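These are the residues of each chain, in order.
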Amino acid sequence: MSPDVPAFQAYLGVRPPRFANNAELQCARMLDYHRIPWHYEPRTFVLERDDEGRVTEAMTPDFFLPEQQLYLEVTVMKQSLVTPKNRKLRKLRERYPGVRVKLFYRRDVERLAEKYGFSSSA
């Protein structure tokens with residue numbers, strides 16, 4: 001991802017976010033456009049540990065919207081390849097029942113980008 005990240009108005013982080021892909025950037029732009037306060041990858045959730053207590057599986061959702069108490073995970077994988085991501089989301093919901101998380105697929109990002117006039121090249 002290019003280091004040329006725009007200055008965001010609703011971003012609550014300290015350092016500029018480093019997005020993994022264009023879909024994350026487009027989501028950030030849409031959140032910012034609508035002045036929805038957001039954090040980028042603020043928390044990692046431990047999903048599994050080995051017998052020695054070392055983390056063997058974790059998930060770091062892409063965005064956190066504090067006003068909605070909602071995490072957003074953005075995936076640009078083909079629908080047929082998202083089974084592991086859905087499994088991780090199920091584990092997260094089981095282990096952290098009070099945490100709300102929503103998965104946005106490529107098609108969701110493209111539809112939102114089109115609706116709000118942003119580049120849809122996810």
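The following refers to the structure shown. Residue indices begin from 1 for each chain and proceed along its sequence in written order. Note on the predicted model: pLDDT of at least 70 is required for a residue's local features to be given, and 80 or more for side-chain atom pairs to be given and counted; whole-chain, interface and lining totals, by contrast, use all residues. Excluded from the side-chain calculation are hydrogens and water; included are all heavy atoms of the structure.

### Looking at the nonpolar core
Note the cut-off: We define the nonpolar core as a collection of buried residues of types Ala, Val, Leu, Ile, Met, Phe, Trp, Tyr and Cys that are connected through side-chain atoms lying within 4.5 Å of one another. Burial classes: relative accessible area under 20% of the type maximum marks a residue as buried, over 50% as exposed, and values in between as partly exposed (1.4 Å probe, protein chains only). Starting at the N terminus, helices and strands are each numbered in turn, a helix being any DSSP run of H or I of at least four residues and a strand any DSSP run of E of at least two.
Phe8, Phe19, Trp38, Phe63 and Val74 are the most contacted members of the largest nonpolar core, which totals 18 residues. Residue assignment for this core shows that the elements contributing at least two residues are helix H1 (22-33), strand E4 (63-65) and strand E5 (70-74). The biggest single contributor to this core is H1, with 5 residues. Judged by nonpolar contacts, the second largest core, of 12 residues, contains Phe45, Phe64, Val99 and Val101.

### Details of helix H2 (residues 83-95)
For clarity, the threshold we go by: One less than the residue count of a helix, multiplied by 1.5 Å, gives the span that helix is expected to have. Here the arc refers to the set of directions running from the helix axis out to each C-beta atom.
For H2, with 13 residues, the first-to-last C-alpha span of 18 Å sits near the 18 Å given by 1.5 Å per residue. Taken as a whole, H2 has its buried residues at Lys85, Leu89, Lys91 and Leu92. Taken down its axis, H2 places every buried residue within 160 degrees of arc, on the same side. Exposed positions of H2 whose direction lies more than 90 degrees from the buried face are Thr83 and Glu94.

### A word on the sheet that holds strand E6 (residues 100-104)
Put simply, the rule is: A strand pair is defined by DSSP finding two or more bridges across the two strands. In what follows, residue pairs with any heavy atoms lying within 4.5 Å of each other are defined as contacts. To define axes, lines are fitted to C-alpha atoms, for helices over the stretch in contact only, and angles between the resulting N-to-C directions are given on a 0 to 180 degree scale.
The strand order E1-E4-E5-E6 describes an open sheet built from 4 strands, whose pairing is mixed. With partners counted over all chains shown, the strands left at the sheet margins are strand E1 (39-40) and E6, one partner each. Both E5 and E6 contribute to a ladder of 5 bridges, which runs parallel. Directly across from leucine 72, in E6, lies its bridge partner lysine 102. In the packing of H1 onto the sheet, contacts are made with E1, E4 and E5, and the angle to E4 comes to roughly 15 degrees. Sheet strands touched by H2: E5 and E6. Its angle to E6, the strand with the most contacts, is close to 170 degrees.

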